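What follows is the residue order along each chain.
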Amino acid sequence: MTRFIDELKRTHTCGELRLTDADSEAVLMGWVQRQHDRGGVIFVDLRDRDGLTQVTFDKQVSAEAFETASKLRSEYVIAVRGKVRDRGEQRNDKVPTGAVEVLAQEVEILNTAETPIFPIQDDVNATEETRLKYRYLDLRRPTLQKNLKTRAKAYYEIRNHFAENGFLEVETPFMVKYTPGGARNFLVPSRMHAGKFYAMAESPQLFKQLLMVAGYDKYFQITRCFRDEDLRGDRQPEFTQIDVEMSFVTQDDVFDICEKLVFRLWKQVLGIDLTERYPDGTFPRMRFEDSMRRYGNDKPDLRFGLEHVELTELVVEHGGGGIKFMEPLAAKFEDGTYRLDLPEEIVKAMVVPAEHTLSRKQVDELEAFVKQMGAGGLGRAKVAEDGGWTQSPFAKQITDEMRLAINEATGAKAGDLILIMFGGEQLVHTCMANLRLHLGKKLEMIPEVGTGGDLSFLWVVDPPLFERGDNGGWVAAHHPFTRPHDECLDLIGTDPGKVLCYRYDLVLNGVEIAGGSIRLHDSEVQKKVFSAIGLSDEEAKEKFSFLLEALRFGAPPHGGIAFGLDRLIMLMAETQSLRDVLAFPKTASGNDLMTGAPGPVDDAQLAELKVASTAKKD
């Protein structure tokens, strides 16, 4: 064994030494960030996960150490013993250890290293594919190390928070029964039960409810979940969530424990006191209906304006107002085909204030942007001094009465640009929501990445329990175990679209970071919900028999929530990709470029599993 490690133990990390340590002896171990040979003196920046320390090798102090230092190259692993001294006028205020250096008396090369594929620094030019292939090198970069340390600190605070509030951490199965519908599952063939498969759990939902039936009262776990779905920037095939369930609680009780957790995380991990913005320790709430009407989605970013204005009722009142494309829509409401309280088509507007001037070309680009999402087009009108409309295809069609009514409803003034869209309800909401965010960044109302120092938390509450399915019938908007509002119980069988429920989402700057609900524990109401979505008793038993049976044996009122931990850390770290806060992430296509997963399996193993592949071999 080497003298270092065996005899000389590390005394400090490379980010610890300060001026108060001057004149003491230190033993450091780490990687060579860079080496500068200045003739009789060699300077080495030594790095570990905590930071950098300058090590000075002076030929006059130790010729042997100097000789070894002359052989050092980038990413060599070394150990150094030396004296800490004040750098005096050569102090570097850009790093925490910059007031001191270690004058080396002894050094040992613990391991050499090949030249890295890319420099170990934050402003690296390497492609993401290269960085993921050599992830163990990428993880040496300070930013990623900082992100993963943030994540580790968050884990510590999460566990302490729930333990201090009487929660039990209980692990639930990863391999579960496959049930059709919902997210697409990863399947695991059973060798011992040929032809049968486990599903990798997409969430612990049913098991945590069973824990409440079992009397465990308060449960949490930090758990992995799996979904075999198309990926995007904020999704991975395997992800981590903070799963929570509580008995004998209301929605407010769930909010309280979650708000306390968020306040604690920002304070203890980031050093940010959220009580300065939210002095009563709670986050504001917005009804789902208001969120959709004003922002087009259920996760609004409240850091900027550009709110939507619903014009559907106004257009109906004016019979389309002379705009031929809107007249058929108005007629459907007038003859009872459509309902204003549950519209299948809507009209929405958004006003871009005059101070944000957009050229015709830029407005055309906005129309192209929404067309990419399936929109038929984007109406526009610039308001003149007299309230007239210019630069608009509607200018010659619209009646004066509807034009003035739209100006008033939207609050549009001279020089403002009104953007209008009409069509299917969900399509209009989605396109206008994305257009708002696009404009918010384009007009520099919010930053492209990060919070911009503005932390806008929001609870979105009281959504509908049901939504229209592809076949025109009703389906559960989230899952069929959510408790309806008591005043809506009679509507389940008569007017399902009007049934509101106790489901809720916690949003930060337009990103959903948590979602949950108060659960249905009444078997009779559960039957009504199943009936409303066309699920027969036999089908319900086939999918959820163990849960339905458990509910008959004294299920307490209960509710819960799940935080998307990866997204939460992504926002805390002020980055735009989940891959920046995961140690070993997958690519957008679900590949692990470092290990080569997923990979082929030989025929013998497939035969043992009684599974055959229909994929063509390369």
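Residues numbered from 1 in each chain as written. Predicted model: local features only at pLDDT ≥ 70, side-chain atom pairs only at ≥ 80, totals over all residues. Heavy atoms only, no water.

**Quick word on the packing of aromatic side chains**
Selection criterion: What counts as a ring pair is set by centres within 6.5 Å for rings of Phe, Tyr and Trp (its six-membered ring), and what kind of pair is set by the plane angle: stacked under 30 degrees, edge-to-face over 60, tilted for all other angles. Here's how the labels work: a residue is buried when its accessible area is under 20% of the maximum for its type, exposed when over 50%, partly exposed in between, all with a 1.4 Å probe on protein chains only.
Counted under the stated rule, the structure contains 14 aromatic pairs. Ring geometry for Y278 against F283: centres 5.0 Å apart, planes inclined by 85°, an arrangement best described as edge-to-face. On the accessibility criterion, Y278 (7% relative accessible area) is buried. Taking relative accessible area as the criterion, F283 reaches 3% and is therefore assigned buried.

**Overview of the nonpolar core**
Our working definition: Definition used in this section: a nonpolar core is a set of buried Ala, Val, Leu, Ile, Met, Phe, Trp, Tyr and Cys residues joined via side-chain atoms within 4.5 Å. Comment: elements are numbered from the N terminus, with helices defined as DSSP H or I runs of at least four residues and strands as E runs of at least two. The contact criterion used throughout is that any non-hydrogen atoms of two residues lie within 4.5 Å.
Core analysis: the largest hydrophobic core is formed by 45 residues, its most contacted members being W266, F457 and F563. In terms of residues, this core owes the most to one element, helix α7 (residues 251–270), which gives 10 residues. Excluding anything up to four places from it in sequence, W266 contacts G271, I272, L274, L455, F457, L508, L568 and M572.

**Looking at helix α12 (residues 400–410)**
Buried residues of α12: M402, R403, A405, I406, N407 and T410, and no others. Positive backbone phi, at 75°, marks G411, one or two positions downstream of α12.

**A look at unusual backbone geometry**
Note that the residue after A597, namely P598, is joined by a cis bond; omega there is -5°. Within the secondary structure layout, P598 lies in the loop between α16 (565–572) and α17 (603–608). Even without being a glycine, E75 presents a positive backbone phi close to 75°. Relative to the helices and strands, E75 is located in the loop between α2 (63–69) and β4 (77–86). Phi is positive for E444, which is not a glycine, with a value near 60°. You can see E444 is positioned in the loop between α13 (425–442) and β18 (457–461).

**Brief notes about a nonpolar patch on the surface**
We apply this condition: Like charges within 9 Å and nonpolar side chains (Val, Leu, Ile, Met, Phe, Trp, Tyr) within 5 Å are joined into patches, using only residues over 30% in relative accessible area that form no salt bridge. For every accessible area listed, the method is Shrake-Rupley and the probe measures 1.4 Å; residues are considered covered only by the protein chains on display. By convention in these notes, a salt bridge is any Lys or Arg side-chain nitrogen within 4 Å of a carboxyl oxygen on Asp or Glu.
A contiguous nonpolar patch, built from F174, M175 and Y198 and spanning about 260 Å² of accessible area, is present on the exposed surface. Topologically, Y198 is positioned in strand β9 (residues 197–200). Overall, the relative accessible area of 33% leaves Y198 in the partly exposed class.

**Concerning the domain arrangement of the protein chain**
For interface size, the figure often reported is the accessible area lost on association. Test applied: The split of the chain into domains comes from an automatic or database domain assignment.
When cut into domains, the protein chain gives domain 1 (3–111), domain 2 (124–279 + 503–519 + 557–602) and domain 3 (304–443). Computed from C-alpha atoms alone, the centre-to-centre distance between domain 2 and domain 3 is 39 Å.

**Brief notes about the environment of L144**
You can see L144 is positioned in helix α5 (residues 142–164). A residue is classified by how much of its surface remains accessible, and L144, at 2% relative accessible area, is buried. Separated by 437 residues in the primary sequence, L144 and V581 place their C-alpha atoms 7.0 Å from one another. When residues no more than four places from it in sequence are discounted, the contact partners of L144 are R135, D138, L139 and D580.

**Digging into helix α6 (residues 205–213)**
Where burial is concerned, most of α6 is hidden: seven out of the nine residues are buried. If you check which residues of α6 are buried, you get Q205, L206, K208, Q209, L211, M212 and V213. The inward-facing, buried residues of α6 abut β10 (218–226), β11 (238–247), α15 (537–551) and β23 (558–564). Looking one or two residues beyond α6, the residue adopting positive phi is G215, at roughly 90°.

**Focus: the sheet that holds strand β16 (residues 389–390)**
Note the threshold: Whether two strands pair comes down to DSSP finding at least two bridges between them. A fitted line through C-alpha atoms represents every axis, and for helices the fit uses only the stretch in contact; the resulting angles, taken between N-to-C directions, go from 0 to 180 degrees.
In space, the five strands of this open sheet follow the order β13-β14-β17-β15-β16, with antiparallel pairing throughout. Looking along the sheet, the strands with just one partner apiece sit at the ends: β13 (308–310) and β16. In this sheet, strand β17 (residues 417–424) lies alongside strand β15 (residues 379–383) in antiparallel orientation, the contact comprising four bridges. The partner of K382 across the bridge, within β17, is L417. Each of β13 and β14 (345–352) touches helix α8 (residues 288–295); the most contacted strand, β13, lies at about 105° to it.

**Quick look at the sheet that holds strand β5 (residues 100–111)**
The sheet built from five strands closes into a barrel, its strands ordered β1-β2-β3-β5-β4 with mixed pairing. Within the sheet, the average angular offset between the axes of one strand and its neighbour, ignoring direction, is 55°. Alignment of strand β1 (residues 25–37) against strand β2 (residues 41–48), held across six bridges, turns out to be antiparallel. Counterpart to V32 in the pairing with β2 is L46.

**Here we look at the pairing of β9**
In this structure, strand β7 (residues 175–177) lies alongside β9, joined through three bridges in antiparallel fashion. If you follow V176 over to β9, its bridge partner there is A199. Here three bridges tie strand β8 (residues 187–189) to β9, and the two strands are oriented antiparallel to one another. Following the sheet pairing, V188 is matched in β9 by Y198.

**A few points about the environment of F186**
Following the sequence through the fold, F186 ends up in the loop between β7 and β8. The class of F186 is partly exposed, set by a relative accessible area of 29%. Sequence-distant contacts of F186, that is, excluding residues within four places in its chain, are made with Y198, A199, M200, F226, R227, D228 and P237.

**Overview of the state of the cysteines**
Worth spelling out the cut-off: The term disulfide is used for any two cysteine sulfur atoms that are within 2.5 Å.
This model, assessed by the stated rule, comprises zero disulfides. Left unpaired, C225 is separated from the closest cysteine sulfur, that of C258, by 16 Å. Residue C225 is classed as buried on the basis of its relative accessible area, which comes to 1%.

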